[in-house]
Structures are given as structure tokens and as C-alpha cells.
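Single-letter residue listing:
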Amino acid sequence: WIVSRALKIVPVLTHAGCDDWNWRMIDASKPASLENLELITKLTGERDEDYFHLIVTAMGLKAGPLISRCFFVRELLEERNDAAILRLLKEISE
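Let me begin by describing the structure that accompanies this report. A quick note: this is a predicted structure, and the numbers were derived from the prediction, not measured.

### Regarding the nonpolar core
The biggest cluster of nonpolar side chains holds 5 residues, and these are L34, L37, L39, L54 and A58. Contributing elements (two or more residues each) for this core: β2 (37-39) and α3 (47-70). For L39, the residues in contact, after removing those within four places along its chain, are C18, N22, W23, R24, E49, D50, H53 and L54.

### Topic: the side chain of E49
As for its position among the elements, E49 is in helix α3. Of the buried charged residues, E49 lacks a salt bridge, with K42 as the closest side chain of opposite charge at 6.3 Å. Not counting chain neighbours up to four residues away, the residues in contact with E49 comprise L39, K42, L43 and T44.

### Points about the side chain of D50
Looking at the element boundaries, D50 is found in helix α3. Separated by 3.0 Å, the side chain of D50 and the backbone nitrogen of L39 make a polar contact. Setting aside residues up to four positions removed in sequence, D50 forms contacts with E38, L39 and K42.

### Some points on the pattern of salt bridges
In total, this model carries 5 salt bridges according to the counting rule given. Across the salt bridge formed by E38 and R24, the nearest N and O atoms sit 2.9 Å from each other. Pair noted here: E38 is in strand β2 and R24 is in strand β1 (residues 23-25), with a separation of 14 residues, a long-range link. E38 gets classed as partly exposed once you look at its relative accessible area, which sits at 22%. What makes R24 partly exposed here is its relative accessible area of 40%. The partner of R69 in a salt bridge is E91, and the shortest N-O contact between them spans 3.0 Å.

### A closer look at helix α5 (residues 82-93)
The first and last C-alpha atoms of α5 sit 16 Å apart over 12 residues, in line with the 16 Å expected at 1.5 Å per residue. Looking only at α5, the buried set comprises A84, I85 and L88. Buried positions in α5, seen along its axis, are confined to an arc of 100 degrees and lie on one side of it. Facing away from the buried side of α5, by more than 90 degrees, are the exposed residues D82, L86, R87, K90 and S93. Residues of α5 that are buried in the fold lie against α3 and α4 (72-79).

Parameters at a glance
- Residues numbered from 1 in each chain as written.
- Predicted model: local features only at pLDDT ≥ 70, side-chain atom pairs only at ≥ 80, totals over all residues.
- Heavy atoms only, no water.
- Core = buried A, V, L, I, M, F, W, Y, C linked by side-chain atoms within 4.5 Å.
- Buried < 20%, exposed > 50% of the residue type's maximum accessible area, 1.4 Å probe, protein only.
- Helix = DSSP H or I, 4+ residues; strand = E, 2+ residues; numbered from the N terminus.
- Contact = heavy atoms within 4.5 Å.
- Lys, Arg positive; Asp, Glu negative; His and termini not counted.
- Salt bridge = Lys/Arg side-chain N within 4 Å of Asp/Glu carboxyl O.
- Polar contact = N/O pair within 3.5 Å; in protein donor to acceptor, adjacent residues only side chain to side chain.
- Expected span 1.5 Å × (residues − 1).
- Arc of directions from axis to C-beta.

What follows is the structure in C-alpha cells.
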């Protein structure tokens, strides 16, 4: 309420606030995965709540680096560089 009043906005629960900015690694020495993420702030306190919100976050952590690679496809198609396209598709599929 305090922040909402200061910003003069209605308090809302958004995907970004509830999921994207509300997680931490359980063990920072291990790779990011659904099992290694937890919510910082929870409504119920149950692990099921973590899974409900963090599935999309875990997918984004995994897929995010691949998205920029996908932008090369158009250039490779224009160059008719089939070998590079196949390598890129294989990389993305793994």
C-alpha cells in the first residue's frame, strides 16, 4: 500500500512482480532449474505455489539465451546457408 500510494497507482499483482522478480536460486552453485528455484515472497508458503509461478520463469531462464540466436535464421535463409541453419536448429532443439 505504501508504494502504491507513493506512486499513485492501484496495488495490483502482476506476472512480473509475482514471478519474474520474485525468485532466487536455492543453491547458487547449481544450474538454474525448476527444482533449484524458489519464490522469495509467497502467499501460501507451499512448495506447490513455487511450481505454479516458477514454471514460466524456469522456461524463460532456459530459453532466453536461445531467442537471440533465432534472429540469425532470417539472415541465414537469405544467404541460403543450409549447414548453418541446421546447426542452429540442432542447438536450439538441445
